[in-house]
Amino acid sequence: MENLKDYRKLDPGLVNALNQNRTSQKPQIEVFVRTTEVPKQTEASFLEELGVRGVNHKRCTFTAKLSAEAVTQLAHQPWIHNLRLARNIRWV
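Basis of the calculations
- Residues numbered from 1 in each chain as written.
- Predicted model: local features only at pLDDT ≥ 70, side-chain atom pairs only at ≥ 80, totals over all residues.
- Heavy atoms only, no water.
- Core = buried A, V, L, I, M, F, W, Y, C linked by side-chain atoms within 4.5 Å.
- Buried < 20%, exposed > 50% of the residue type's maximum accessible area, 1.4 Å probe, protein only.
- Helix = DSSP H or I, 4+ residues; strand = E, 2+ residues; numbered from the N terminus.
- Contact = heavy atoms within 4.5 Å.
- Arc of directions from axis to C-beta.
- Pairing = 2+ DSSP bridges.
- Axes fitted to C-alpha atoms, helices over the stretch in contact; angles between N-to-C directions.
- Salt bridge = Lys/Arg side-chain N within 4 Å of Asp/Glu carboxyl O.

A. Inspection of the nonpolar core at higher detail. Core analysis: the largest hydrophobic core is formed by 23 residues, its most contacted members being Leu 14, Val 33, Leu 47, Leu 66, Leu 74 and Leu 83. Contributions of two or more residues to this core are made by helix H1 (12-21), strand E1 (29-35), helix H2 (41-50), strand E2 (61-66), helix H3 (68-75) and strand E3 (80-85). Examining the composition of this core, we find that four residues originate from one element, H3, more than from any other. With sequence-adjacent residues up to four places away left out, Leu 14 is seen in contact with Ile 29, Val 31, Val 71, Leu 83, Arg 84 and Leu 85.

Rendered as structure tokens:
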């Protein structure tokens, strides 16, 4: 995460999880990936290689379990709008 240029693409929860991930045994973090538009073929391939799910469904928001390195790679892409930590929903 040291080489991350644009922290505005990451929500505070994800930044916190990445910082905790350095000392944790948990190598991957569940995140929401939002693109600026429906990914083109090369962008879709890039997302799939990182483990992003549902890329072929003609949408702009996806889920993935990503390493800190993969989050950094995505944050550097100009076509990525933002990355957010996926939170568990608690029903009351």
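From this point, the narrative continues.
B. Structural context of H2. When we look at burial in H2, the residues that qualify are Glu 43, Ala 44, Leu 47 and Leu 50. Projected down its long axis, H2 carries its buried residues within an arc of 125°, all on one side. Set apart from the buried face of H2 by more than 90 degrees, the exposed residues are Gln 41, Thr 42 and Glu 49. Looking at the buried side of H2, the elements it contacts are E1, E2, H3 and E3.

C. The arrangement of the sheet that holds E2 in detail. Taken in spatial order, the three strands of this open sheet run E2-E1-E3, and their pairing is antiparallel. With one partner strand each, in any of the chains shown, E2 and E3 form the two edges of the open sheet. For this sheet, the mean angle separating the axes of adjacent strands, direction not counted, is 30°. Two elements, E1 and E3, share five bridges in a ladder whose sense is antiparallel. Bridge pairing in E3 links Thr 35 to Ile 80.

D. Representation of the pattern of salt bridges in the model. Applying the stated rule across the entire model yields two salt bridges. Residue Glu 30 is joined to Arg 53 by a salt bridge in which the shortest nitrogen-to-oxygen separation is 2.6 Å. You can see Glu 30 sitting in strand E1 and its partner Arg 53 sitting in the loop between H2 and E2, a full 23 residues away along the chain. For Glu 30, a relative accessible area of 25% puts it in the partly exposed group. Salt-bridge contacts for Glu 37 lead to Lys 40; the nearest nitrogen and oxygen are separated by 2.5 Å. Exposure remark for Glu 37: the relative accessible area of 41% places this residue in the partly exposed category.

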